[in-house]
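One-letter residues, chain by chain:
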Amino acid sequence: MSEEILHSENPSVDQKNGKDYNESQIQILEGLEAVRKRPGMYIGTTSSRGLHHLVHEIVDNAVDEALAGFCTHIKVDILPGEIIRVEDNGRGIPTGVHPKTGTSTVEVVYTVLHAGGKFGGGGYKVSGGLHGVGASVVNALSEWLEVVVCHDGENLMMQRFERGVPCYSLKKIGEQKETGTTVTFKPDPEMFEDTVYDYDTLKSLLREAAFLTAGLRITLTDRRNPDEIEQESFCYEGGVASFVEFLNTNKGLIHDKVIFISGTKDGSSADIALQYNDSYNENILSFANNVRTTEGGMHETGFKTALTRVINDYAKKKNIIKSDDKILTGDDVREGLAAVISVKLQEPQFEGQTKTKLGNSEIRTMVDALVQEKLTAFLEENPAVAKLILEKSVAASRAREAARKAKEATRRKSALDSASLPGKLADCQDRNPENTEIYIVEGDSAGGSAKQGRDRKYQAILPLWGKMLNVEKARVDRIYGNDKLAPIITALGAGIGSEFDVTKVRYHKVIIMADADVDGSHIRCLLLTFFFRYMRPLIEAGYVYLAQPPLYKIQKGKLPPRYAYDDKEMQEIVNELGGVNEDGIQRYKGLGEMNPEQLWETTMDPSCRTIRKVEMEDAAAADAAFTLLMGDLVAPRKEYIEKHAKYVTNLDI
């Protein structure tokens, strides 16, 4: 049983009328009530991300069966009505009566928090389900959930729950020889802002799980439209090495084969794969018991420390770095690196219930020693590859030094100016980042209108003009000296690259405002590429937004003008008004056509504007997309355009 104490949120009761604040105001939430009362505590958010996390929790249980050696195939179906079905051929949840509760073990798993076979009882050697809340939380947040189990290879058992409450006890519904578990659930619309599943998001989630469990097959089928069923199956015998190959898709490779390092110690194991490409960015993904550790942790620290040391030691041994030279930094040796670190351990210590950072200190020592031994041996045995990696690292070191000089030159120039902030920046009066927002505006004309139309108290305006640098094809030294990007770096005030500190950002809403045409889309893409490559925590913190200016102004008679954001909305408004004036279906060609009042009321007024938060659910997919669309290789981009041309909705010809 889980208990949560909630204090009254009404200060007039607590403070002014203290006599009314007594034992009757203390609530005890029993069982799964706590989950429904505070769902964010258990799944992080009730947004689309939380909705997809439900699938993650159930799939994780099936993957644990695969890690234990008992499951070879997991099937995930999206059914009509946004219903999810997850089927595995593992051992099946035990169906006997649990000794402590007197109810079936299946019911315990789905109704009691912190119940599971992963707490040292011998059911699993390693598991991602540290807290034992996955199945019960999904049950609590579902309108209904049904579980069908065959554990003994004889009896097929079933139980149904509605909003976490059992409809009946576990019962036999047939016989079956194959063991396994099938969970079917419908997310509760009372709990989630959106209950529509995104096929691509689930595809990325399941593909990642398949990469991390070599040989496990995971099949995703979208059955929502019976006339157009979509299905993909993932199975990678190469495990994390295949994952790195996927990360380097469409990238120019420094060396052909992925470097694979593996080892075990004291019941823990580590699989590490790495390969260098010719980009200027690093892409390191780390996992503990198949759980993505987005904030890294001890395993990632051990890897980075050993990598830097091994490459420096080799460079000194081969006399590539002289004793009086500066050694290569971590940033130098990780430029162009794609790597996956996957560790498995019996008692992982995650920081926070969302499991984003691994805290086991012993795993750092293990990974460090493993990389030291195996990577040193690899470099000695493969001198041609070692030379290519060192040349890449040394070039990065030279670029870093050039970037330092460019940065100092920029600072000296700024110090000579009347103010250190960019001259074209119209800053806001409020200095609290939580209250402020900056509009990065395409063009001086639109920038002028935005400056006049804004609320000066909390809205800052930074106009941009001319062609912007594509940072996908540039090192950091070219960015500091770029007259389009330097003002953004200075205005945000948090640095770039490895030095970027999101806590120093001067605005907590960074809004890209560009024209609603192809050129505007290009500007947005270039800026997003810059933020993704050199200020990624800005996106991860949820600070980046896209403004949505209207496409049409619609006028009839002396009525106030109406605005439409797409062709469909425009036609609906015209129909609603019963026609318009002869010169009333005006299409904006750019933001500069709007006067300050129009720009405020359509695009900048928080009470009626539309802005879209830029989210990064899948870093690997985002990295691949930026490489494909903004990188050097033309053929993959041409193939992508040909494949998706039929879906174009905003063609400027």
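The shown structure was predicted, so the numbers you read here are calculated from the model rather than taken from an experiment.

**Q** So what about the packing of aromatic side chains? Which residues, and what values?
**A** Applying the stated criterion across every chain, the model contains seven aromatic pairs. Consider the rings of Phe-243 and Phe-287, whose centres lie 6.0 Å apart with planes at 40°: the pair is tilted. One end of the pair, Phe-243, is in helix α8 (residues 240-247); the other, Phe-287, is in strand β14 (residues 283-288), with 44 residues separating them in the sequence. Aromatic side chains Phe-530 and Tyr-534 sit 6.3 Å apart centroid to centroid with 35° between the ring planes, which places their arrangement in the tilted category. Here Phe-530 and its partner Tyr-534 are both found in helix α16 (residues 518-534), four residues apart, which amounts to about one turn of the helix. Residues Phe-530 and Tyr-534 agree in their burial class; the two are buried. Ring pairing ties together the aromatic residues Phe-211, Tyr-236, Phe-243, Phe-246 and Phe-287, which thus form one cluster. The cationic tip of Lys-171 hangs over the ring face of Tyr-168; the distance from NZ or CZ to the ring centre is 4.2 Å.

**Q** If you had to explain the sheet that holds strand β17 (residues 437-442) to someone new, which residues and values would you point to?
**A** Taken in spatial order, the five strands line up as β18-β17-β19-β20-β24 in an open sheet, and their pairing is mixed. Of all strands in the sheet, those bounded by a partner on one side alone are β18 (459-464) and β24 (611-613). For this sheet the average axis-to-axis angle between neighbouring strands, irrespective of direction, equals 25°. In the sheet, β17 pairs with β18 via six bridges, with the strands oriented parallel. Paired with Ile-440 across the two strands is Leu-462, which belongs to β18. Sitting on the sheet, helix α13 (residues 444-453) is in contact with β17, β18 and β19 (509-513), with an inclination near 170° to β18.

**Q** Mind laying out the packing of α13 against helix α19 (residues 596-604), listing which residues take part and the relevant values?
**A** Their axes nearest at 8 Å, the elements α13 and α19 cross at an angle of 80°. In terms of axis orientation, α13 runs roughly perpendicular to α19. Of the residues in α19, those touching α13 at Ala-446, Ser-449, Ala-450, Gln-452 and Gly-453 are Pro-596, Leu-599, Trp-600 and Met-604. Partitioning the contact of α13 with α19 into residue classes produces six nonpolar, three polar and no charged.

**Q** Which residues make up the pairing of strand β20 (residues 544-547), and what values do they have?
**A** Along β20, one buried face is formed by Val-544 and Leu-546 and the opposite face, lined by Tyr-545 and Ala-547, is buried too. With three bridges joining them, β19 and β20 adopt parallel strand pairing. Across the sheet, Ile-512 pairs through a bridge with Leu-546, a residue of β20. As paired elements, β20 and β24 share three bridges and run antiparallel to each other. The residue of β24 that forms the bridge with Leu-546 is Arg-612.

**Q** Requested: an account of the pattern of salt bridges, with residues and values cited.
**A** When charged atoms on two side chains of opposite charge get close, those side chains can pair. Scanning all chains against the criterion turns up 26 salt bridges. Here Asp-200 and Lys-203 are joined by a salt bridge, their closest N and O atoms 3.7 Å apart. One end of the pair, Asp-200, and the other, Lys-203, are both in helix α7 (residues 199-212), three residues apart, so they sit about a helical turn from each other. Judged by relative accessible area, which is 45%, Asp-200 ranks as partly exposed. Here Glu-282 makes a salt bridge to Arg-334, at a shortest N to O gap of 3.0 Å. Of the two residues, Glu-282 sits in the loop between β13 (268-276) and β14 while Arg-334 sits in the loop between α10 (330-333) and β16 (337-344), which places them 52 residues apart along the sequence. Salt bridges sharing common partners tie together Arg-36, Arg-163, Asp-188 and Glu-190.

**Q** Break down the nonpolar core for me, citing the residues and quoting the values.
**A** Core analysis: the largest hydrophobic core is formed by 64 residues, its most contacted members being Ile-74, Tyr-110, Val-147, Phe-185 and Tyr-197. Non-local contacts of Phe-185, meaning those with residues more than four positions away in its chain, are made with Leu-54, Val-55, Ile-58, Ile-83, Ile-84, Val-138, Ser-142, Trp-144, Leu-145 and Tyr-197. Core analysis: the second largest hydrophobic core is formed by 45 residues, Ala-406, Ile-512, Phe-531 and Val-544 among them.

Reading the values: the criteria
Residues numbered from 1 in each chain as written. Predicted model: local features only at pLDDT ≥ 70, side-chain atom pairs only at ≥ 80, totals over all residues. Heavy atoms only, no water. Phe/Tyr/Trp six-rings, centres within 6.5 Å; stacked < 30°, edge-to-face > 60°. Helix = DSSP H or I, 4+ residues; strand = E, 2+ residues; numbered from the N terminus. Buried < 20%, exposed > 50% of the residue type's maximum accessible area, 1.4 Å probe, protein only. Lys NZ or Arg CZ within 6 Å of the ring centre and 35° of its normal. Pairing = 2+ DSSP bridges. Axes fitted to C-alpha atoms, helices over the stretch in contact; angles between N-to-C directions. Contact = heavy atoms within 4.5 Å. Parallel < 35°, antiparallel > 145°, perpendicular 65-115°, else oblique. Nonpolar A, V, L, I, M, F, W, Y, C, P; charged D, E, K, R; others polar. Salt bridge = Lys/Arg side-chain N within 4 Å of Asp/Glu carboxyl O. Core = buried A, V, L, I, M, F, W, Y, C linked by side-chain atoms within 4.5 Å.

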